[in-house]
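The chain contents come next:
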Amino acid sequence: MAIDLQQQWLRDLAELRYAATPKRIRALLGGRPVVDTRDALLVYEPRRVVPWYAVPPGDLDLDLREHDPAPVPELGTSILAPRRNEWHTVPGRSLHLEGHGEVAFRPDEPALGGRVVLRWEPFEWFEEDERVLAHPHDPFKRIDVLRSDRHVRVELEGRTLAESSRPMMLAESSLPVRWYLPREDVRMALLRPSDQHTVCAYKGVASYLSADGAPDVAWFYPEPLHDALRVKDHLCFWRPAEVYVDGEPTDTSMPGD
C-alpha cells in the first residue's frame, strides 16, 4: 500500500514523537551553563510541529520544583500554537524555576527515560558550538533555495508591488513555497520599514516592510543563516498581498492562519 508522507505527517501529529540526536546540546541561563549533554532527545508533544530538547536530569544544573501542569482548554485545531508552551497534551509534571515559572516538563512516557523537556526561553541554546535560534533544528525538515525564471507578480488592492522573472524559490518542509524577489524588481517607494521582527531556526532574523493599509506585508533577511544566504535582502510577500506565479495565485498564508 502506498503512503502519502504528507498525510502520514498530519496523522502522526496526534502522537508523542521523539528522535535521538548525535549533537552535543548546551544551554546558558544568564550566561551560566545549565545544560550540557550528549544524550538528548528531540521531543514533539502531540499537536506540536516543532521539537524541544529533552535532557537527562543528571545533565541539568537547575533547581526545579514540581507543579501540576496548566489545564489545556478545548481547542478547535489539530495544532497547538507555539506561544502556548505551558499547554501539555500528555501526562507529566510541570517543572518551575524560581523567578521564571515553568521552564520544563517531565512527561510520564517511559520511552523518554525520565528526560526533562525544556522550553526554549529563558535559555540560550547551542548545538555543538553553534548558536541555535527559535527552536531546535528538526532533522526531518530542510529548506531549499532555487533560482527560477518563473514570472512572479505581487499585487495589493489592484496595485502592482513587484514583478520579476528572476525570483528565488524557497521550499521549506510542510510550509507553502515562498517566492523571494530582488529589490530591483520591487516598487520600494510603496513600502516603508516596520518595527516587526521574527526569528526562523533555519533562515535567521527577518525584518519587515509595510505598505499603506497593509502592515508587515513583506519580509527579508538582512543577515540570513547559511541555509538561506541566497535570499539575502530579497523580499517575500504575504497576505493581504496577492502573489501570482505564471499567472496562477499562490498560498500567501502563514503557519497557524
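The structure presented is a predicted model; accordingly, all values stated were derived computationally and were not measured. (Residues numbered from 1 in each chain as written. Predicted model: local features only at pLDDT ≥ 70, side-chain atom pairs only at ≥ 80, totals over all residues. Heavy atoms only, no water.)

A.B. asks: Any chance you could break down the overall build of the protein chain for me, citing the residues and the numbers?
C.D. replies: What the protein chain contains, in helices and strands, is one helix and 22 strands. With the C-alpha coordinates aligned to their principal axes, the bounding extent of the protein chain is approximately 55 × 50 × 35 Å. Within the protein chain, the fraction of its 257 residues that count as buried is 44%. Expressed as a percentage of contacts within the protein chain between residues at least 6 apart in sequence, the contacts between residues at least 24 apart total 53%. Of the side-chain charges in the protein chain, 32 are positive and 43 negative, and the distance between the mean point of each set is 1 Å. (Helix = DSSP H or I, 4+ residues; strand = E, 2+ residues; numbered from the N terminus. Buried < 20%, exposed > 50% of the residue type's maximum accessible area, 1.4 Å probe, protein only. Contact = heavy atoms within 4.5 Å. Lys, Arg positive; Asp, Glu negative; His and termini not counted. Charge placed at Lys NZ, Arg CZ, Asp CG, Glu CD.)

A.B. asks: Describe the packing of aromatic side chains, with residues and values.
C.D. replies: Inspection of every chain in the model, using the stated rule, returns seven aromatic pairs. Plain terms: the ring middles of F123 and W125 are 5.7 Å apart, the flat faces sit at 70° to each other, and that makes the pair edge-to-face. Each of the two residues, F123 as well as W125, counts as buried. Counting every residue linked through ring pairs, the aromatic cluster contains W52, Y53, W120, F123 and W125. The cationic tip of R26 hangs over the ring face of F126; the distance from NZ or CZ to the ring centre is 5.1 Å. (Phe/Tyr/Trp six-rings, centres within 6.5 Å; stacked < 30°, edge-to-face > 60°. Lys NZ or Arg CZ within 6 Å of the ring centre and 35° of its normal.)

A.B. asks: Describe empty space enclosed by the protein, and please don't skip the residues or the numbers.
C.D. replies: Where empty space is left becomes clear once a probe the size of a water molecule has been rolled over the atoms. By the definition in use, this model includes two cavities of 30 Å³ or more. Taken as a whole, the largest cavity spans an internal volume of roughly 70 Å³. Elements with a contribution of two residues or more to the lining of the largest cavity: β13 (152-156), β16 (178-181) and β20 (235-237). The element best represented in the lining of the largest cavity is β16, accounting for three residues. Across the lining of the largest cavity, the residue classes tally to eight nonpolar, two polar and two charged. Contributing to the lining of the second largest cavity are E45, R48, W52, N85, H88, F105, V117, L118 and R119. (1 Å grid on protein atoms, 1.4 Å probe; cavity = no way out; pocket = protein on both sides within 12 Å on 5 of 7 lines; lining within 4 Å. Points joined across faces, edges and corners; volume = space filled by probe spheres on them. Nonpolar A, V, L, I, M, F, W, Y, C, P; charged D, E, K, R; others polar.)

A.B. asks: Account for the sheet that holds strand β22 (residues 248-249), with residues named and values stated.
C.D. replies: The sheet built from four strands is open, its strands ordered β14-β13-β21-β22 with antiparallel pairing. In this open sheet, the two strands that pair with only one neighbour each are β14 (159-164) and β22. Examined bridge by bridge, strand β21 (residues 242-245) and β22 share two bridges and lie antiparallel to one another. Directly across from V245, in β22, lies its bridge partner E248. (Pairing = 2+ DSSP bridges.)

A.B. asks: Go over the nonpolar core, please, and point to the residues and values.
C.D. replies: In this structure, L60, L62, L64, L118, F123 and W125 are the most contacted members of the largest nonpolar core, which totals 29 residues. V152, V186, L191 and V243 belong to the second-largest nonpolar core, a separate cluster that totals 21 residues. (Core = buried A, V, L, I, M, F, W, Y, C linked by side-chain atoms within 4.5 Å.)

A.B. asks: How would you sum up the sheet that holds strand β11 (residues 130-132)? Please name residues and give values.
C.D. replies: Taken in spatial order, the four strands of this open sheet run β3-β2-β10-β11, and their pairing is antiparallel. Among the strands making up the open sheet, the edge pair consists of β3 (32-37) and β11. Neighbour-to-neighbour, the strand axes of this sheet turn through a mean angle of 30°, independent of strand direction. Bridge count between strand β2 (residues 25-29) and strand β10 (residues 124-127): four bridges; the pairing is antiparallel. Across the sheet, R26 pairs through a bridge with F126, a residue of β10. (Axes fitted to C-alpha atoms, helices over the stretch in contact; angles between N-to-C directions.)

A.B. asks: Describe unusual backbone geometry, with residues and values.
C.D. replies: The residue after E121, namely P122, is reached through a cis peptide bond having omega 15°. With respect to the helices and strands, the residue P122 is situated in the loop between β9 (116-118) and β10. At the junction of R239 and P240, the peptide bond is cis and its omega measures out at 10° in the coordinates. One non-glycine residue with positive phi stands out, namely E128, at about 55°. With respect to the secondary-structure elements, E128 resides in the loop between β10 and β11. The phi angle at D246 is positive, at roughly 50°, despite the residue not being glycine. Within the secondary structure, D246 sits in the loop between β21 and β22. On the basis of relative accessible area, D246 is assigned to the partly exposed category, the value being 49%.

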